[in-house]
Amino acid sequence: DGSCRYMRDSARLVLDDTGQPLEIVGYWIDITEQAIAQEALRTSEANFRSLIERSSMAILVQREGAVIYANPAAAAMFGYAECGELVGCDVLELSHPDDRDRIRQRMQHTDANGATPPGERRMLRGVGGVFYGEGEAFRLDFDGKAANVVFLRDVTERRDMFERMALADRMLTLGALAAGVAHEINNPLAYATTNL
């Protein structure tokens, strides 16, 4: 039908009694389905690797408290030049000291229940400084062993914006209160001025 097939061939040389080549004996095995499946697996793996490597969200894989994989977004978020600098780091050492107990509890929750809902905590940058990270985790097999995958996004800017909005709201409330007080003081003064 004109279609292509993948074949694996195996052959050996048969010699006569004097040691001279007599014939080649071999066989072919049709491995088309296996070759197609392997190519599909390679393509799928490349697609998922590209997706993870190009994600703007930090993705960390940790086992027994140590980072075993970090994508480029994680390296940038924590202030490292290369992903490999995060590999081997203790997850708790990347966390603010005041939040380490809470993170330890979240890690234990993921180990026991298979997932942890989103939560916010303070993280430390490798170059110094603190940022707020919102992360969630789930458990899966990574390189044949159980590990926790953590998706983390930097919410420092969002948090700062909410704090500025809260301050503006308080100032608005204070302004309305001052206007109300001024109005209440002005009414008796106006009455007194009118009588005078």
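From a predicted model like this one, the values you see are computed outputs, not experimental measurements. (Residues numbered from 1 in each chain as written. Predicted model: local features only at pLDDT ≥ 70, side-chain atom pairs only at ≥ 80, totals over all residues. Heavy atoms only, no water.)

Engineer: In this structure, what is going on with unusual backbone geometry? I would like to understand it.
Structural biologist: Peptide bonds are trans in most cases, and residues, glycine excluded, mostly fall at negative phi. With a phi close to 55°, Glu64 is a non-glycine residue in the positive phi region. Mapped onto the elements, Glu64 comes out in the loop between strand S3 (58-63) and strand S4 (66-70). For Glu64, a relative accessible area of 81% puts it in the exposed group. Not every positive phi belongs to a glycine, and Asp143 is a case in point at roughly 55°. (Helix = DSSP H or I, 4+ residues; strand = E, 2+ residues; numbered from the N terminus. Buried < 20%, exposed > 50% of the residue type's maximum accessible area, 1.4 Å probe, protein only.)

Engineer: How do you make sense of the sheet that holds strand S6 (residues 130-142) when you look at a structure like this?
Structural biologist: Strand pairs in the sheet, formed through backbone hydrogen bonds, run parallel or antiparallel to each other. Pairing is antiparallel in the open sheet, where five strands are placed in the order S4-S3-S7-S6-S5. Looking along the sheet, the strands with just one partner apiece sit at the ends: S4 and strand S5 (115-124). Each strand axis lies, on average, 35° off the axis of its neighbour in the sheet, ignoring direction. As defined by bridge partners, S5 adjoins S6 across eight bridges and the pair is classed as antiparallel. Counterpart to Arg121 in the pairing with S6 is Gly133. Where helix H3 (residues 100-113) meets the sheet, its contacts fall on S3, S5, S6 and strand S7 (145-154), and the angle it forms with S5 comes to roughly 155°. (Pairing = 2+ DSSP bridges. Axes fitted to C-alpha atoms, helices over the stretch in contact; angles between N-to-C directions. Contact = heavy atoms within 4.5 Å.)

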